[in-house]
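Letter by letter, the chains look like this.
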Amino acid sequence: MKDYFVHHIQLRPRYGEVDQMGYVYHANYVTYCHQARTELLRQLGIEDHLLEENNIMLPVISMDLRYHKPAGYDKLLTVKTSLKEEPRTRFSFQFEFRNEQNELICSANCSTAIVDRLTRKPMRAPALIKQAFNKIEMVR
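Looking at an unreviewed UniProt entry, the protein chain carries the name Acyl-CoA thioester hydrolase, with the source organism given as Sunxiuqinia elliptica. Recorded in UniProt for the protein chain, the comment headed Sequence similarities (unreviewed entry) runs: "Belongs to the 4-hydroxybenzoyl-CoA thioesterase family."

The following block contains the structure:
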């Protein structure tokens, strides 16, 4: 399936994010995915403060990571974050982590539900999110 929207960030693992073997500790990839997801949404104009002001939450409902090669302290990583489709009641994000040699380090999938903060019930994508995706369609 073709990517609907893609965003890239780069990061360098900090000293405190590696384990005794000198590799990025596996749980830190979840944090990196969160950072990459936030930046993709920011690129679309869906910033955390706007979600909060509109009583929208995006709780993670599934997360799957595959580790392919180790990454080390201060080694530049590029994270590609993709959306395969416009969200209806959830976002489905795909992540690829690559090192400076363009080798795949980690791949991940994450789904977040779209939830009303007041009722804590799932909801269809509200106008704020639909408008952001309408802008993508206009650019295409």
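It is worth spelling out the sheet that holds strand β4 (residues 77–83) at this point. One open sheet accounts for five strands, arranged β1-β4-β5-β6-β3; its pairing is antiparallel. The sheet terminates laterally at β1 (5–11) and β3 (60–67), the two strands that pair on one side only. Each strand of the sheet is rotated relative to its neighbour by a mean of 15°, with strand direction disregarded. The sheet contact formed by β1 and β4 spans seven bridges and is antiparallel. Its bridge partner being in β4, His8 is matched across the sheet by Lys80.

With that settled, consider the environment of Ile9. For Ile9, the position within the fold is in strand β1. As a C-alpha pair, Ile9 and Arg37 span 28 residues in sequence and 9.8 Å in three-dimensional space.

This part takes up unusual backbone geometry. Positive phi, close to 55°, is recorded for Asn55, a residue that is not glycine. Within the secondary structure layout, Asn55 lies in the loop between α2 (48–53) and β2 (56–57). Although it is not a glycine, Arg120 sits at a positive phi angle of roughly 60°. Tracing the sequence through the fold places Arg120 in the loop between β7 (115–116) and α3 (127–139).

The next thing to look at is the pairing of β4. Each regular strand shows side chains that alternate between the opposite faces of the sheet. A large share of β4 lies buried, amounting to five of its seven residues. Bridge count between β4 and strand β5 (residues 90–98): six bridges; the pairing is antiparallel. Within β5, the residue paired with Thr81 across the bridge is Phe95. What sits between β4 and β5 in their antiparallel hairpin is a turn of six residues.

With that out of the way, let us pick up the packing of aromatic side chains. Tallied over the entire structure, the rule returns nine aromatic pairs. Here the aromatic rings of Tyr32 and Phe97 are separated by 6.4 Å at their centres, their planes lie at 45°, and the arrangement is tilted. Here Phe97 lies in strand β5 and Tyr32 lies in helix α1 (residues 28–43), a separation of 65 residues in the sequence. Of the two residues examined, Tyr32 and Phe97, each falls in the buried class. Here the aromatic residues Tyr4, Phe91, Phe93, Phe95 and Phe133 are joined through ring pairs into a cluster of three or more.

Time to look at the side chain of Thr112. Checked against the element boundaries, Thr112 lands in strand β6 (residues 104–113). Leaving out residues up to four positions away in the same chain, Thr112 has contacts with Arg37, Leu58, Pro59, Val60, Ile61, Arg90, Phe91 and Phe93.

Under the 1.5 Å per step criterion, the end-to-end length of α1 is 23 Å for 16 residues, consistent within 8% with the ideal 22 Å. Regarding α1, the residues found buried are Asn28, Tyr29, Tyr32, Cys33, Ala36, Arg37, Thr38, Leu40 and Leu41. Packed against the buried residues of α1 are β1, α2, β3, β4, β5 and β6. Immediately beyond the C-terminal end of α1, within one or two residues, lies Gly45, with a positive phi of roughly 90°.

What counts as what
Residues numbered from 1 in each chain as written. Predicted model: local features only at pLDDT ≥ 70, side-chain atom pairs only at ≥ 80, totals over all residues. Heavy atoms only, no water. UniProt positions renumbered as here; feature names shortened; annotations may be inferred. Pairing = 2+ DSSP bridges. Helix = DSSP H or I, 4+ residues; strand = E, 2+ residues; numbered from the N terminus. Axes fitted to C-alpha atoms, helices over the stretch in contact; angles between N-to-C directions. Buried < 20%, exposed > 50% of the residue type's maximum accessible area, 1.4 Å probe, protein only. Phe/Tyr/Trp six-rings, centres within 6.5 Å; stacked < 30°, edge-to-face > 60°. Contact = heavy atoms within 4.5 Å. Expected span 1.5 Å × (residues − 1).

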